Structures are given as structure tokens and as C-alpha cells.
Amino acid sequence: MKVIEKENYKLIYNEDGPTLGVAKDSDVPILEVDGLYFKNLSRSHQLEKYEDWRLDVKERAEDLAKRLSIKQIAGLMLYSSHQLIPAQGMARFGGTYNGLSFDEANVEPWSLSDQQKEFIEKDDVRHILVMRYQNKEVMSKWNNIVQAFAESQPLGIPVNNSSDPRHGTISDAEFNGGANSDISKWPDGIGMAATFDPELVKKYGNVVSKEYRSLGLTTALFPQIDLATEPRWMRFNGTFSESPELATDMARAYCDGLQTSFGEAEIKDGWGYDSINAMVKHFPGGATGEAGRDAHYSYGKYAVHPGKNLEMHLKPFVEGAFKLEGKTKMASAVMPYYTISADLKGKDHEMVGNSYSKYIIQGLLRDQLNYDGVVCTDWGITKNQGETVYSFGGTCWGVEGLTEAERHLKIILAGADQFGGNNDAQPILDAYEMGCKEFGEDYMRKRFELSARRLLMNIFRLGLFENPYVDIQEAKETVGKEEFMAVGYEAQLSSITLLKNKNHVLPLKAKTKVYIPNRHIESYRTFFSTMSEPEDIVPVKQDLVNKYFEWVDTPEKADAAIIFMETPICDSYDPRDVENGGNGYLPISLQYRPYTAVNARKESLAGGDPLESFTNRSYYNKTNTTANETDLDNVLNMKKIMKDKPVIVCMKLKRPTIMSEFEPYADAIIAEYGVQNQAIFDILSGKRMPSGLLPLQIPMDMDTVETQLEDVPFDMIPYVDSEGHCYDFAFGMDFDGVIQDERVKKYRYK
């Protein structure tokens, strides 16, 4: 037996089979059968089916599911709340070590918190969501500690660690291919869509999978493949656009890239040691919240389909994520959104959140679309509603009157397998007892085993039962390595979209004297429903600017002004409106100046909440403001000062934006979607030719936003600029003029 000792685990090599990994102090026997080695995780001293890596994963999963107690299955059905490694610095997500805070405990940052030990040992949790880790060394070491702890538990089921997207950019961090960064940097989802290049997205998936696996992350809570037909939605920037064709191709490519292993890394059917499970979201499409409101909050709980267009929203799932070109065939997991799909019609349809809906999960996803992978709820949907309709917290939409146990049972009976953001097994155990009384113990046992089998298959496929440990040095060398940083930076460059270039202002010549005004953002309600502090922002570092141009401290000294701005920041609910006799609802404005919704619906399409005494959520004739109106002021003021000298706008485009307020005063406009400032200056200086295309429509005005339908793509009147260019989907320019290439021909809607 060939054994190699690592830091806190050891490797046992099979000549014709997988390498086994066990903790150094493990009591797991290693069995030799037919000259091959196997981990005896059951400690039975005989080879059980689930331990036999020669068998099909489904057979192994079914065998283990039958061995599990209901309590152990309940643990598999849990998906932890957001974890910090180490657990410090954020009260909402923090933890303790031997009863002390991390700062007091004098422990290593990769140590397990008290809470992590408890939910693994007491509640049998095996799916953990990592929100933040200190660095790649800490993350990989923590993975090995948590896997050793799980291995010490009965039956030795390894942990399936997961993460939300973490490949976003830090704008003021310069690209350096040899920096061995914490992780490679890529544009937002809508920025990847702006490349109009599914092959690049597949490459992105391949990079993500290799970096994640080296860290010990084995499930991606993405891609977000909602069809972005509602321009006001706050999560628009995470999508692959409103184009059914482009979003579908991007979804397919990304899932293939994430899930497929090749060569020696492949175990079987495309799955292997470079694979991570893709959990696509949000079924059946989460982008149709009425008036753009988001379902993280009670005021945004309703999705609507005034265009009767649900089937189109299913396309990125049905023809993309569920019909992969690679051997894994389909995304291994699906996450429904929080929303109540208010206007769907069907025998079993109820006004409840999507994960509670038997019509949506069992009827549509399972029976009609034949999906047999894992269905995991979005986070926190079984917790009680907050004190206000704008609170961030529990999202039990439509079932506010049920107990937590009743909510869990309803989700299980609807066809879902797993509960996001829940570390506590007791409500599932209570749900099981309730189900036994209503349907019988045999029925409930089989139902729980069905979910266990699905969940276990996603662990077996990746080879985690054989070796869940990662090599610390390999993690240091793989994550953020030069090759991955370079391809990520190339994607950033490829996403940037040139919209206007009057008189060929761009590219700017070297050593052009440029003035860049600071930005100011007023207080606004944050994602966690707290009020931010007013903020002054220096948009770009002077030393970066001086590598391309010459920084000057007043516009009078400048040859050109460069204005950094972003999509309007706007709240959609204000409790002060309630205090003044209103219903609290305000329009989400995509323009910078105060907006009055004179063309909004007088009656909302959906409404109703235990905290409200009314159902009409209309904001007709109400006025709202934005927190970054001074972005517009910067453009107008600079034009007055600069006169005939060029004013260049660099717009961070998070969602469609009304550009008529500033476009006539700008000589050049580039749109970016979450990139490093260095990439912007590579475009401005001509070091790189722009090639991105608009992955969305720029609306003519707010009237066209109000009259478009939440579930219908391409139904706004696009803006036409002072140069006569129409800012429609797939529009973009290079320095020679409007781009008319194969991407445009393939994806521009007819």
C-alpha cells in the first residue's frame, strides 16, 4: 500500500482506481478487496455498496440512503446559513470558538467554530455555504479540518461546501497576471453576456471549477439564468440578459464548463475531480417581480406575467441548463426563487412562494420537464416574516400563518429536497412526524430516501467519498494563477461596450491631461434594509491614470474630462410614505432627476400581505428620487466648464438606464459591467479595441419602462442618441464605427 502523508491527512494510492484520502487520526479502516483499496466509512470491517467506488453512483447513493436514519436524512436536507471563515466581524453571520469570539479565542483562522461543530455533529449538516474566507490558504485548510470532522461522524459522509459567485472585480485593483491573486477576476453575469461569446463563458466555468475545487468548494450556487425582462430588477446585473437565445446559450455553456471534467480528472459521465455541481437559479424565472420589486422583501413578493410569457422564461432552463452538450447532460441542482407567481393558472396552483408550490415544483419541474436533480429552496424561506414589509429576514411568502414544521412539510410534499439557510434539523423531524400521521410512515420514509438519493449522488459524482481533502500548496498555485487572471481580464476587456464616440474622440492620446471629478452618493436603503451613510468616492487612483494620461486637479487644466457614474440608485419602498398616509410604495426610477410616475398602473396586478390592510400596491402619480443624482450633475457641470473639449462618460451599467439626461452632453460613452479600472483605461487609451455589445435595451424614457410588461423581452422603445445611433440590444461600436459581426447577426432579435 502506497501512502503519502500530508499536513493533516494521508493519501492511499490505488494502482487502478482513485486515490483515497483520510484524516491522519482517522479510525476509518482501509479495506483491501481484489488488490484494491476502499475506505470503510461505516466501520463495519466489510465493504458496503456505498463504499465501493467501482459501482454506479446511483446504486451507491440508494444503498447509503437506506442506511440513514431519518435524522441523518434530515441533516442532508439542510443547507447551512452563510458561514464566515473565520467566523468574525459580522454580527449576523458570526460565531464563537470555545464560547469566545475569534479575537479572544487565540485559535487558527481555519478552526471550526462552535456553531459549525454543532450543526455537523448534532444536526448532521453536510452542505455548507461559505460566504467569506480570509484567503485561499485559510479556506483550503478549513476544508480539510471540516472534512476530517465529518469523516469522524457515523457513516463518514463528506461535506459538500458551496459558494455564491466570488469572481467579481475590485475596481481599483490593477491587473497583474503574476500576482497569484486570491481568485481570478471576471465581469458580472450581464458583462459576460455583453461579450456575446458562449465559448468564453464555458471557459469561465472551467476556470471557476478548477479554482473552487482546489479550495474545497464543490457546489456553485449559480449560474443565475433568469431571463431579465424587467429592467428595474435589482439583480439584473447577475443575469445573462433578456434575450431567450443568448441567455439559453450562456446557461448551457456555463453549466458545461462548471460540471465537466476531462481526461484523468474524469471519473464517469463527465463528472470528476474538476467538476462542481451547478445549482441554476431561479426557477421558473425570478426576474418578473411586479414593477421591478425584489422578493427578498415582502413588498416585492409577487411575480407577474401580464404577457402570459412564462414558457419563454423556462427556455434557459429547458433548452440550456437541462440540455447540456457535455456528458453531464443537465445541471445537477435547481433553486426556485422567493416569489409568489401570482397569475399562473393550474389545478394545484396556490398563491405561495415557488418552493412551496406543488404546481411549480412537482407539476412543472418534476413531471412536465422530467427534472430529477436536487431542488433546493432559496435561503431563509421557512423563517418567520420580519416586523415590516421592508425587513430583511424570513421570506415565507404565502404561508406566513403556518408553523416552521408545517412549512417544511409543505415544501417536501411540493417536491423539493433541501432547505437553504437552515442549520436546524428539528423542523424537518417535526415535519416527518406530521407527514407520518397524515400519509403513513412507509410513504414518508420513501419520500425522504428519494431526496437523500438525489443529494448523495451530487457528492458521489465528485469523488468526495474517496477523497474530500485538498492540497494546500496546489490551492496556492491554482487559485488566481497567471493563466486564470489573464483570461478573466480578457473577458473584462471583451465586455466593455462603446456606445458613443463623437468625432472619434476615443482613443485618447498618451499624456492627454484629464480631470476626473469625485462622486457623491446620498444615504439609501441597503440590501440588508439598513440605511447607508452618505459617501464621497474617488473613482480611480491617480497613479493608475498617470500610467496612461496626465492627471490634473482642475477641469480648467484638462484636455478632457472623464466622468465615472453608475445606474441610478433608487429605493422602491419608503416607510415615511406610510407615515404621510400613503401605502409605502414608490416607483423604481432609472433616471437621475426626480421622477413622477404619471403613467404607472393605477391598480397593481398583485398585492396582499399579513402586515398590510390593502392589496393595491400601485405607486401611481408618486415621485421618487435617486441617491446618486450628482452623477448627472457631474456630466452637466463638466460640459459647461470644458466647453468644446471632450467629456467622456464611463458608465457602470447594472441595469437599463435613462441616458437622455446626459448623453447629449457627452462626447463619448462607454458602458462597463463590473470591471477593473485598468480595463477601462486600456479601452480609453486605445490599447485595446472595444468589442462588447449591449446586452440590454436602453429605454427612451421612463414612460416606456412603465408601459413594458414584466415578463416580455424587448418591449421598450430604445433610446436614439444625438449621433443617430439606436441603443438597442446588440448595439456596440469599435473605434471604426458600429459593429456588425456574426454575433450581432446571430443574437439580435427580429
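Above this text you will find the structure in question.
These remarks concern the structure in this document.

Another point: helix α4 (residues 114-121). Along α4, the positions that sit buried rather than exposed are Q116, F119 and I120. Considered in projection along α4, the buried side chains sweep an arc of 100° and stay on one side of the axis. Check the buried side of α4 and you find it contacts β7 (82-85), β8 (127-133) and α5 (136-151).

Another point: the nonpolar core. Formed by 198 residues in total, the largest nonpolar core has its most connected members in L456, L506, F662, F681 and L684. Not counting residues within four places of it along the chain, the set of residues in contact with F662 comprises M565, Y592, L632, V635, V649, M651 and I669.

Another aspect to go through is helix α18 (residues 630-642). For α18, which comprises 13 residues, the first-to-last C-alpha distance of 18 Å matches the rise-based estimate of 18 Å (1.5 Å per residue) to within 8%. Where α18 is concerned, the buried positions are D631, L632, N634, V635, L636, M638 and M642. Considering only its buried residues, α18 is in contact with β20 (513-515), β21 (519-521), β24 (560-566) and β27 (647-652). After α18 finishes, the residue K643 shows a positive phi value of roughly 55°.

Before going further, it helps to spend a moment on unusual backbone geometry. With an omega of -5°, the peptide bond between I85 and P86 qualifies as cis. In this fold, P86 is placed in the loop between β7 and α3 (102-105). Look at the link from F222 to P223: it is a cis peptide, with omega at 10°. Tracing the chain through its elements places P223 in the loop between β10 (219-220) and α8 (244-259).

Let us look at the environment of P336. Structurally, P336 is set in strand β15 (residues 333-336). Taking the C-alpha atoms as reference points, P336 and Y356, separated by 20 residues in sequence, lie 9.6 Å from one another. If near-sequence neighbours (up to four positions away) are discounted, P336 is found in contact with H282, F283, N354, S355, I361, V375, C376, T377 and D378.

Turning next to the sheet that holds β10. The strand order across the open sheet formed by seven strands is β7-β8-β9-β10-β13-β15-β17, and the pairing between neighbours is parallel. Each edge of the open sheet carries a strand with a single partner, namely β7 and β17 (374-375). The sheet contact formed by β10 and strand β13 (residues 277-283) spans two bridges and is parallel. Paired with T219 across the two strands is N277, which belongs to β13.

Calculation criteria
Residues numbered from 1 in each chain as written. Predicted model: local features only at pLDDT ≥ 70, side-chain atom pairs only at ≥ 80, totals over all residues. Heavy atoms only, no water. Buried < 20%, exposed > 50% of the residue type's maximum accessible area, 1.4 Å probe, protein only. Helix = DSSP H or I, 4+ residues; strand = E, 2+ residues; numbered from the N terminus. Arc of directions from axis to C-beta. Contact = heavy atoms within 4.5 Å. Core = buried A, V, L, I, M, F, W, Y, C linked by side-chain atoms within 4.5 Å. Expected span 1.5 Å × (residues − 1). Pairing = 2+ DSSP bridges.

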